[in-house]
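Chain by chain, the residues run as shown.
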Amino acid sequence: MAQPYRIVMLGPPGAGKGTQSVLLSKRLGVPHISTGEILRAESEKSTPLGARVKPILASGDLVSDDLIIEVFEARIAQDDCQGGFVLDGFPRTVAQAKALDELLSKLNKRLSHVVELKVPESVLLERIQRRGATGSGRSDDNAAIAARRLQVYWELTAPVTGFYREKGTVVEVQGLGSVEEVQNTLLASIVGQSR
Ligand code: ADP
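Residues numbered from 1 in each chain as written. Predicted model: local features only at pLDDT ≥ 70, side-chain atom pairs only at ≥ 80, totals over all residues. Heavy atoms only, no water.

Enquirer: An account of helix 4 (residues 65–76) is requested, with residue identities and associated values reported.
Expert: When the terminal C-alpha atoms of helix 4 are compared, their 16 Å separation across 12 residues agrees well with the 16 Å that a helix rising 1.5 Å per residue should span. Residues of helix 4 that are buried include every one of Leu67, Ile68, Ile69, Val71, Phe72, Arg75 and Ile76, and no others. Contact partners of the buried residues in helix 4: strand 2 (32–34), helix 2 (35–44), helix 3 (48–59), strand 3 (85–88) and helix 5 (94–106). (Helix = DSSP H or I, 4+ residues; strand = E, 2+ residues; numbered from the N terminus. Expected span 1.5 Å × (residues − 1). Buried < 20%, exposed > 50% of the residue type's maximum accessible area, 1.4 Å probe, protein only. Contact = heavy atoms within 4.5 Å.)

Enquirer: An account of the packing of aromatic side chains is needed here, citing residue identities and associated values.
Expert: Per the counting criterion, the structure on display carries three aromatic pairs. Look at Tyr153 and Trp154: their rings are 4.9 Å apart centre to centre, the planes differ by 75 degrees, and that puts the pair in the edge-to-face class. The class for Trp154 is partly exposed, based on a relative accessible area of 42%. Here Phe163 and Tyr164 contribute two aromatic rings whose centre-to-centre distance is 5.3 Å and whose plane-to-plane angle is 75 degrees, an arrangement assigned as edge-to-face. (Phe/Tyr/Trp six-rings, centres within 6.5 Å; stacked < 30°, edge-to-face > 60°.)

Enquirer: Can you explain the sheet that holds strand 4 (residues 113–118)? Please cite residues and give values.
Expert: Spatial ordering of the open sheet is given by 2-3-1-4-5, a layout of five strands whose pairing is parallel. Looking along the sheet, the strands with just one partner apiece sit at the ends: strand 2 and strand 5 (171–174). Between one strand axis and the next, the sheet turns through 25 degrees on average, direction left out of account. When strand 4 meets strand 5, the two strands line up parallel, connected through four bridges. Bridging across to strand 5, Leu117 finds its partner in Val173. (Pairing = 2+ DSSP bridges. Axes fitted to C-alpha atoms, helices over the stretch in contact; angles between N-to-C directions.)

Enquirer: Which residues make up the nonpolar core, and what values do they have?
Expert: If you look at the biggest cluster of nonpolar residues, it comprises 28 residues, and the most contacted ones within it are Val8, Phe85, Leu87, Leu100, Leu111 and Tyr164. Put simply, the parts of the chain that give this core at least two residues each are strand 1 (6–10), helix 3, helix 4, strand 3, helix 5 and helix 7 (143–167). Contacts of Leu111, omitting those with residues within four sequence positions, involve Gln3, Arg6, Val8, Phe85, Leu100, Leu104 and Tyr164. By size, the runner-up hydrophobic cluster in this structure holds 21 residues, among which are Met9, Leu24, Val86 and Ile128. (Core = buried A, V, L, I, M, F, W, Y, C linked by side-chain atoms within 4.5 Å.)

Enquirer: Summarise the side chain of Gln183; cite the residues concerned and give the values.
Expert: Considering the arrangement of structural elements, one finds Gln183 in helix 8 (residues 179–191). Residue Gln183 is classed as buried on the basis of its relative accessible area of 3%. Within polar-contact distance, the side chain of Gln183 engages the backbone nitrogen of Leu24 at 3.4 Å. Here Gln183 is in contact with Gln20, Leu23, Leu24 and Arg27, once residues within four sequence places are set aside. (Polar contact = N/O pair within 3.5 Å; in protein donor to acceptor, adjacent residues only side chain to side chain.)

Enquirer: Summarise the environment of Leu24; cite the residues concerned and give the values.
Expert: On the secondary structure map, Leu24 appears in helix 1 (residues 17–28). For Leu24, a relative accessible area of 0% corresponds to the buried category. Each C-alpha atom, one on Leu24 and one on Ile190, is 9.7 Å from the other, the two residues being 166 residues apart in sequence. With residues near it in sequence (within four places) discarded, Leu24 still touches Ile7, Met9, Val86, Gln183, Leu186, Leu187 and Ile190.

Here it is as structure tokens:
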């Protein structure tokens, strides 16, 4: 029997992961969980957690695994996630991927798809710098920080793809083309793959 869509979206900053994840979650009727969004919302509030994460977000570094795992576990436990989800920005380290694995197996659930959105590195830098220049309003979008975020990605997040590849299939989707084109390819490769 087909299980719910429980999708992990992987890909470097600038790949269009956020945009594609939102569209995909709407098309599949499951919530979009963005740990980046959760952290940005938190950093705008004057909560102790917000104060802790704000400077980390601005630097382009990652918040600690312990912290984000706690934030993630609280979110995924909510009712709307019981019928599936699209994860965007989590897991971002191998330690987080292992924590997600443990959490899901405790709940007797498993991921349905791991997707890697692929875009050449030259295009990535250009895209995130443009996002900064057009004033996305995000504190982490200027050139130096864009470069830092890419560096963090290659160091800590790229190995997550290898982790999943060892366990099974990673669906590769080319991220070049219009938003609609990429979305159609993405949707076709997910719906076409057994769960
Ligand atoms: P992107 O533009 O790559 O989609 P996000 O919005 O996902 O970026 O994340 C923004 C920032 O939030 C990251 O640079 C990082 O500081 C923090 N963050 C988000 N998710 C995680 C995570 N899973 N682990 C650690 N830090 C995270």
